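Working through the structure, step by step
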Amino acid sequence: MDRVIYLDNNATTMVAPEVFEEMRPFFSERYGNPSSLHSFGGNVHHKIDEARRRLAALLGADENEMLFTSCGTESDSTAIHSALDRFPDKKHIVTSAVEHPAVLGLCDHLEQRGYSVTYLAVDEEGRLDLDELAEAVTDDTAIVSIMHANNESGVVFPLQEITEIVKQRGALMHTDAVQSVGKLPLDVRKTSVDFLSLSGHKLHAPKGVGALFVRRGTPYTPLLIGGHQEHNKRAGTENVTSIVGLGKAAELAAEHMEDEQTRVQAMRDRLQEGLVAHCPDARVNGGGSPRLPNTLNISFGYVEGESILLLMDELGICASSGSACTSASLEISHVIKCMKVPEMYAHGSTRFSLSRYTTDEEIDYVIEQVPPIIARLRELSPFGRG
Ligand SMILES: Cc1ncc(COP(=O)(O)O)c(C=O)c1O
């Protein structure tokens, strides 16, 4: 089948045509180094400044509070390492158990180097217990790193309340907003978050570019040290094309956020209702919590996520599963596990994530095609039902 119905936008998004057009000259005739003193390079520098202004505008930040990085992972690492470097006597980090591996992997690495990490649990709806957060932050806590929205469940955490608690206790606050930037209105002036990470390829900019908001006055040490790029906050010659692309993508997101996200949410809700209505034994994960407008995480009982994905793939439908196939076993994702989804459902967890390019016709097609797939798999189910 030639047709691709791409419902895996939390994994990555298509580069918007307008973004690609804006990037194009910087692959060819405008190849100058932004650090050069001649105007051929200087003009490229102006374009980076413009991208920074556009991105800052999307977040309500000041342009000199934004620095470009190579990805969301680098932004997360920069924030956490910076806090640990600036507060060498503090050896404790607080995070949530449902963070992306960009944060969890780093925390694991730091634990092996003598830091202690508190991983906050979530309930069945994917929500944090803010009292537990308040208790977890101590005088020894250098930084709290809690995501804004979860990539798997789409559940959105109350950033403002979380930040208030953390700042009252005197720790630095970082949020991984990789999944929410461009999907939810975000204003850094409405919270006192110190660091906020984002990634280009989740908002229709290319892969390999990210950014970090560092509030003015927040103690900061760069992760990459060397040249003077990014106002001494991140050494290395800038990825000009991708930065230009991220700036344009931020501008597009800001312009169209409200109507686009309303439209996307309506499609997501229709997909959810259609699948729940036509697939017996389906449950929506995080459905009772505030969620990203584009994300549906649904568990089909008594079937296995990888098989659903394979059969959908034959029909050109791209989604993602809540379980990761390892060589030895089918492991349930840490997020689904933390949400205590019963085992018979957990294996059949599937994530559909929409974008502004998703159409009603595509949603109709998925609602039509997925229920027979589930029914077919149940007949063959190793889970003893069918
Ligand atoms: C919540 C979250 N944080 C961090 C990342 C990592 O971003 P990048 O791929 O740009 O390193 C992702 C990517 O999936 C993500 O969803």
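Refer to the structure above for everything that follows.
Here we summarise the structure given alongside this text. (Residues numbered from 1 in each chain as written. Predicted model: local features only at pLDDT ≥ 70, side-chain atom pairs only at ≥ 80, totals over all residues. Heavy atoms only, no water.)

**Quick notes on the site of the ligand**
Surveying the vicinity of the ligand reveals 14 residues, the closest of which are Gly72, Thr73, Asp176, Ser199 and Lys202. In this structure, a nitrogen atom belonging to the ligand sits 2.6 Å away from a side-chain N or O atom of Asp176. Contacts to the ligand include Ser199, whose side-chain N or O atom sits 2.6 Å from an oxygen atom. The protein chains hide 87% of the 400 Å² of surface that the ligand would expose on its own. For the shell around the ligand, the element with the highest residue contribution is helix α3 (residues 72-86), accounting for three residues. (Near = heavy atom within 4 Å. Polar contact = N/O pair within 3.5 Å; in protein donor to acceptor, adjacent residues only side chain to side chain. Areas by Shrake-Rupley, 256 points an atom, 1.4 Å probe, with all protein chains shown as cover. Helix = DSSP H or I, 4+ residues; strand = E, 2+ residues; numbered from the N terminus.)

**Some details on the sheet that holds strand β12 (residues 320-321)**
The antiparallel open sheet is built from four strands, whose spatial order is β9-β10-β15-β12. Single-partner strands in this sheet number two, and they are β9 (282-284) and β12. As judged from the two bridges shared by β12 and strand β15 (residues 349-353), these two strands associate in the antiparallel manner. Opposite Ser320, over in β15, you have Arg351 as the bridge partner. Its contacts with the sheet place helix α8 (residues 240-278) against β9, β10 (295-300) and β15, and it is angled at close to 10° to β10. Taken strand by strand, helix α9 (residues 305-314) contacts β10, β12 and β15, and its axis lies near 45° from that of β15. (Pairing = 2+ DSSP bridges. Contact = heavy atoms within 4.5 Å. Axes fitted to C-alpha atoms, helices over the stretch in contact; angles between N-to-C directions.)

**Some points on unusual backbone geometry**
Unlike most non-glycine residues, His204 shows phi in positive territory, near 70°. Relative to the assigned elements, His204 resides in the loop between β7 (195-199) and β8 (210-214). For His204, a relative accessible area of 7% puts it in the buried group. Notably, Asp281 is not glycine yet its phi reads approximately 60°, a positive angle. With respect to the helices and strands, Asp281 occurs in the loop between α8 and β9. (Buried < 20%, exposed > 50% of the residue type's maximum accessible area, 1.4 Å probe, protein only.)

**A word on the packing of α9 against helix α12 (residues 360-379)**
The description of two packed helices rests on the angle between their axes and on the distance between the axes. Two elements in contact, α9 and α12, have axes whose closest approach is 10 Å; the angle formed by their N-to-C orientations is 135°. Overall, the two elements α9 and α12 adopt an arrangement that is oblique. Every pair of crossing elements has a handedness; the one defined by α9 and α12 is right-handed. Residues Ser307, Ile308, Leu311 and Met312 of α9 form the contact with α12, whose own contacting residues are Val370, Ile373, Ile374, Arg376 and Leu377. Split into classes, the residues belonging to the contact of α9 with α12 amount to seven nonpolar, one polar and one charged. (Parallel < 35°, antiparallel > 145°, perpendicular 65-115°, else oblique. Left-handed = near helix turned anticlockwise from the far one by under 90°. Nonpolar A, V, L, I, M, F, W, Y, C, P; charged D, E, K, R; others polar.)

**Quick look at the pattern of salt bridges**
Tallied over the full model, the rule gives 19 salt bridges. The shortest N-O distance in the salt bridge between Arg189 and Glu65 comes to 2.3 Å. Here the residue Arg189 occupies a position in the loop between β6 (172-176) and β7, and Glu65 occupies one in the loop between α2 (39-59) and β2 (66-69), the gap between them amounting to 124 residues. Take Arg189: its relative accessible area is 43%, and that puts it in the partly exposed class. Salt bridges sharing partners connect three or more residues here, namely Glu22, Lys47, Glu50, Arg54, Lys248 and Glu251. (Salt bridge = Lys/Arg side-chain N within 4 Å of Asp/Glu carboxyl O.)

**Considerations on a negative patch on the surface**
On the surface, Asp129, Asp131, Glu132 and Glu135 cluster together into a negatively charged patch. Structurally, Glu135 is set in helix α5 (residues 130-136). Owing to a relative accessible area of 67%, Glu135 belongs among the exposed residues under this scheme. (Patch = residues over 30% accessible without salt bridge, like charges linked within 9 Å, V, L, I, M, F, W, Y side chains within 5 Å. Lys, Arg positive; Asp, Glu negative; His and termini not counted. Charge placed at Lys NZ, Arg CZ, Asp CG, Glu CD.)

**Digging into the side chain of Lys183**
Mapped onto the elements of the fold, Lys183 is located in the loop between β6 and β7. Nearest to the buried, unbridged Lys183 among oppositely charged side chains is Asp8, at 9.8 Å. In this structure the side chain of Lys183 is engaged in a polar contact, spanning 3.1 Å, whose partner is the side chain of Asn10.

**Here we look at helix α4 (residues 101-111)**
Residues separated by three or four positions in an α-helix point in the same direction, a consequence of the helix having 3.6 residues per turn. Residues Ala102, Val103, Leu104, Leu106, Cys107 and Leu110 constitute the buried set of α4. Elements in contact with the buried residues of α4: α3, β3 (92-96), β4 (116-120), β5 (141-145), β6 and α10 (334-338).

**A short note on the packing of aromatic side chains**
All chains considered together, the criterion is met by two aromatic pairs. Each ring, one from Tyr31 and one from Phe40, has its centre 5.0 Å from the other, and the planes form 75°; the classification is edge-to-face. Assessed through its relative accessible area of 60%, Tyr31 is described here as exposed. By relative accessible area, Phe40 is classed as partly exposed at 38%. Summarising the aromatic geometry, the rings of Tyr302 and Tyr345 are spaced 6.2 Å apart at their centres and angled 50° between planes, so their arrangement reads as tilted. Linking Tyr302 in the loop between β10 and α9 with Tyr345 in helix α11 (residues 343-346), this pair joins segments that are 43 residues apart in sequence. The pair Tyr302 / Tyr345 is uniform in exposure class, with both members buried. Across the ring face of Tyr365, the terminal group of Arg3 is positioned such that the distance to the ring centre comes to 4.3 Å. Taking NZ or CZ as reference, Lys90 lies 5.5 Å from the ring centre of Phe87, over its face. (Phe/Tyr/Trp six-rings, centres within 6.5 Å; stacked < 30°, edge-to-face > 60°. Lys NZ or Arg CZ within 6 Å of the ring centre and 35° of its normal.)

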